[in-house]
Amino acid sequence: MTLIHMNRSKILTSIAAVLLLISSLVAQPGKERTQQIVSALQHEEYESALKMLRAAIQQSPGDPQLWTMQGVAYNRVGKTKDALSSFEHAIKLAPDNISALQGAAQIDFDEGNADGIPLLERLLKLHPDDLTSHAMIAVLEYQQRNCVAALPHFERAVSLFEARPAGLHAYAACLVHQRQFDAATNVLRQTLEANSEDAQERRVLASVQLMAQHPDDAINTLTPLLKDRKSTRLN
């Protein structure tokens, strides 16, 4: 099964996440300098925003909003280590800071870092029905080979994986690992339906159907491949 990196097929679009964050910050009460920083972020003037943020943080080091915005700016210029440090500091100042939790979790997730799991779990405590957080935990737990922890989150977020075969493969792999073969075949049928011409998809589904003690289903799955071989030989 293919190791899945959800960042490469993003659940969260970074631009949208930044704009959402900025919108929430604009709505919060703040001084004129905060509005200037927000404006710089909105206009993608990240270096200018960082310069203002450094000065603002020197004056108000206990303001989690400033640290969160600094995390956004660092992230947009590719300084993910500094961005993560900023988000983590914002979380220390305000443990339920959703924007900072999301920012830090996204960076950990993009890097396949299991440190993102407790951040995402904290987000789920604040928003239990957030499918994106469920999906991200599922992938991170799968990458840690912890299928017992991953499966409930795959189940909750399956709709987000429907257009992502790699995600469904990961889900099916965990089901097979837990010997839930019938459930795994149902998931793999979805990937085959999305790409019925893929011979490897057919082979994978057939192998799991055999594990599930459904040999007739496996034969039906493989029949198109056998017909193709026969046709090739005749030609």
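Residues numbered from 1 in each chain as written. Predicted model: local features only at pLDDT ≥ 70, side-chain atom pairs only at ≥ 80, totals over all residues. Heavy atoms only, no water.

Chemist: Requested: an account of the packing of helix α9 (residues 147-161) against helix α10 (residues 165-177), with residues and values cited.
Modeler: Packing of α9 against α10 brings their axes to within 10 Å, and their N-to-C directions diverge by 145°. The handedness of the crossing between α9 and α10 comes out as left-handed. In this structure, α9 contributes Cys147, Ala150, Leu151, Phe154, Glu155, Val158 and Phe161 to the contact, and α10 contributes Gly167, Leu168, Ala170, Tyr171, Cys174, Leu175 and His177. The residue makeup of the contact of α9 with α10, split by class, is eleven nonpolar, two polar and one charged. (Axes fitted to C-alpha atoms, helices over the stretch in contact; angles between N-to-C directions. Helix = DSSP H or I, 4+ residues; strand = E, 2+ residues; numbered from the N terminus. Left-handed = near helix turned anticlockwise from the far one by under 90°. Contact = heavy atoms within 4.5 Å. Nonpolar A, V, L, I, M, F, W, Y, C, P; charged D, E, K, R; others polar.)

Chemist: Requested: an account of helix α3 (residues 46-59), with residues and values cited.
Modeler: Between its first and last C-alpha atoms α3 spans 20 Å; for 14 residues at 1.5 Å apiece the expected length is 20 Å, and the two agree. Along α3, the residues classified as buried are Tyr46, Ala49, Leu50, Leu53, Ala56 and Ile57. Buried residues along α3 cover an arc of 130° about the axis, so they all sit on one side. When the buried face of α3 is taken as reference, the exposed residues oriented beyond 90 degrees from it are Glu47, Lys51, Gln58 and Gln59. Where α3 is buried, its residues touch α2 (32-42) and α4 (64-76). (Expected span 1.5 Å × (residues − 1). Buried < 20%, exposed > 50% of the residue type's maximum accessible area, 1.4 Å probe, protein only. Arc of directions from axis to C-beta.)

Chemist: So what's going on with the pattern of salt bridges? Which residues, and what values?
Modeler: For the coordinates displayed, the defined rule picks out one salt bridge. Of the charged contacts, one joins Asp129 and Arg156 as a salt bridge, the two residues approaching to 3.1 Å between their closest N and O atoms. One end of the pair, Asp129, is in the loop between α7 (116-126) and α8 (131-143); the other, Arg156, is in helix α9, with 27 residues separating them in the sequence. You can call Arg156 partly exposed: its relative accessible area is 40%. (Salt bridge = Lys/Arg side-chain N within 4 Å of Asp/Glu carboxyl O.)

Chemist: Quick one: what's the story with the state of the cysteines, residue by residue and with numbers?
Modeler: Counting across every chain of the model gives one disulfide. Each sulfur of the disulfide joining Cys147 and Cys174 lies 2.3 Å from the other. Of note, the bridge from Cys147 to Cys174 carries an S-S torsion of about -75° and is left-handed in sense. Residue Cys147 is found in helix α9, and its partner Cys174 is found in helix α10; the two are separated by 27 residues along the sequence. This pair shows no difference in class: Cys147 is buried, exactly as Cys174 is. (Disulfide = S-S within 2.5 Å.)

Chemist: Outline the side chain of Thr185, listing residues and values.
Modeler: Following the sequence through the fold, Thr185 ends up in helix α11 (residues 181-194). According to the relative accessible area criterion, Thr185 is buried, its value standing at 3%. Apart from the residues lying within four places of it in its own chain, the contact partners of Thr185 are Leu205, Val208 and Gln209.

Chemist: Residue-level account of the side chain of Thr34, with values.
Modeler: Within the fold, Thr34 resides in helix α2. Here Thr34 is in contact with Gln65, Leu66 and Met69, once residues within four sequence places are set aside.

Chemist: Kindly report on the environment of Leu123, identifying the contributing residues and their values.
Modeler: As for its placement among the helices and strands, Leu123 is situated in helix α7. Judged by relative accessible area, Leu123 falls into the buried class, the value being 4%. Spatially, the C-alpha atom of Leu123 lies 8.1 Å from that of Asp96, the residues being 27 residues apart in sequence. The residues contacting Leu123, other than those within four sequence positions of it, are Ile98, Leu101, Gln102 and Ser133.

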